[in-house]
Amino acid sequence: MGHTHPSYSFVVFFTAEQQFLKTTIALADDHYLGACLSPGLPHEEEETDQFTRYAALFIDRNYFELRCRHYLAAAPTPVYFWQQFAVSPETMIDIKRFIDAGDRPTRYSLPYRNALAELITQGLLQGLFPSDSGVSLLSPKMDVVAIIDYMEDHFGDKLTVPLLARKMGLSASQFNRRFKQETGSSPMDFFLELRLKKARKLLRSSTKTITEIAQDCGFASASHFSTAFKKHTSLSPSDYQQLYQRAT
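About the criteria used
Residues numbered from 1 in each chain as written. Predicted model: local features only at pLDDT ≥ 70, side-chain atom pairs only at ≥ 80, totals over all residues. Heavy atoms only, no water. Pairing = 2+ DSSP bridges. Helix = DSSP H or I, 4+ residues; strand = E, 2+ residues; numbered from the N terminus. Axes fitted to C-alpha atoms, helices over the stretch in contact; angles between N-to-C directions. Contact = heavy atoms within 4.5 Å. Polar contact = N/O pair within 3.5 Å; in protein donor to acceptor, adjacent residues only side chain to side chain. Core = buried A, V, L, I, M, F, W, Y, C linked by side-chain atoms within 4.5 Å. Buried < 20%, exposed > 50% of the residue type's maximum accessible area, 1.4 Å probe, protein only.

Could you give an account of the sheet that holds strand 4 (residues 81-87), with specific residues and numbers?
Strand order in the open sheet formed by 4 strands is 3-1-2-4, with antiparallel pairing between adjacent strands. Each edge of the open sheet is held by one strand with a lone partner, namely strand 3 (54-59) and strand 4. Neighbouring strand axes in the sheet, compared pairwise and without regard to direction, differ in orientation by 20° on average. The sheet contact formed by strand 2 (residues 32-37) and strand 4 spans 6 bridges and is antiparallel. In the sheet register, L37 faces strand 4, and the bridge partner there is F81. Along the sheet, helix 1 (residues 61-72) makes contact with strand 1 (8-13) and strand 3, crossing strand 1 at roughly 75°. With respect to the sheet, helix 3 (residues 109-128) is in contact with strand 1, strand 2, strand 3 and strand 4, its orientation differing from that of strand 4 by roughly 100°.

Structure follows, in structure tokens:
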């Protein structure tokens, strides 16, 4: 029997070979098929004997319709019954990052996933409204995601709040406030945790010395690294390394 959902339902197919829907739109080679179903519409998925790889996303009704206003102005949100649209490769990457963050939870995976959820929502909206100029209206959470990616790529560099704030076009105080609002952590605490995560990985898999790992992860000295590491893990870097080696 048919059933309904209280939220907006999206399906994004990983490959063109799928039996879920009959494709009715033209897709560029690097784009993916997406489909949207409005809340409350009865539907039933047709059973097939073929396996279909797709991502199913459910977006809160109020959350989604609020963001639709950037694209629709005062017009009501349309009613969609598996409305097909093109999903960009960038949005597909964000969906895969969202899935990956859930498979490998960390202390910051929830705020990171929340930021990615905003980015994915905006990407889906751009697919539904390709002719609208909603790009300049994207949420600041997109900038937070970009800053997190920048931190990941520069974990061994000396990053400061003023430098990161300039990348978002904000004052240091505004940046601090916005970053903490989105992640639950201050920028520098977040960056320290990221560095320590990288250090734990190196301690488990590298033959480098503690001093070399400290330098690679941007710590001023081995003693500074050891102090920070022990404060967060209750183990010194050498004890952590030996414990992992014994376990394997």
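Report on the side chain of E193, specifying residues and quantitative values.
Inspection of the secondary structure assignment puts E193 in helix 7 (residues 187-205). In this structure the side chain of E193 is engaged in a polar contact, spanning 3.3 Å, whose partner is the side chain of R200.

Which residues make up the nonpolar core, and what values do they have?
Residues F10, F64, L124, L128 and F129 are the most contacted members of the largest nonpolar core, which totals 22 residues. Looking at this core, the elements with two or more residues in it are strand 1, strand 3, helix 1, strand 4, helix 2 (89-103) and helix 3. In contact with F10, not counting residues within four places along its chain, are A35, C36, A55, A56, L57, I59, F64, F85, L124 and L128. Within the second largest apolar cluster, 21 residues are counted, among which are L119, V161, F175 and L194.

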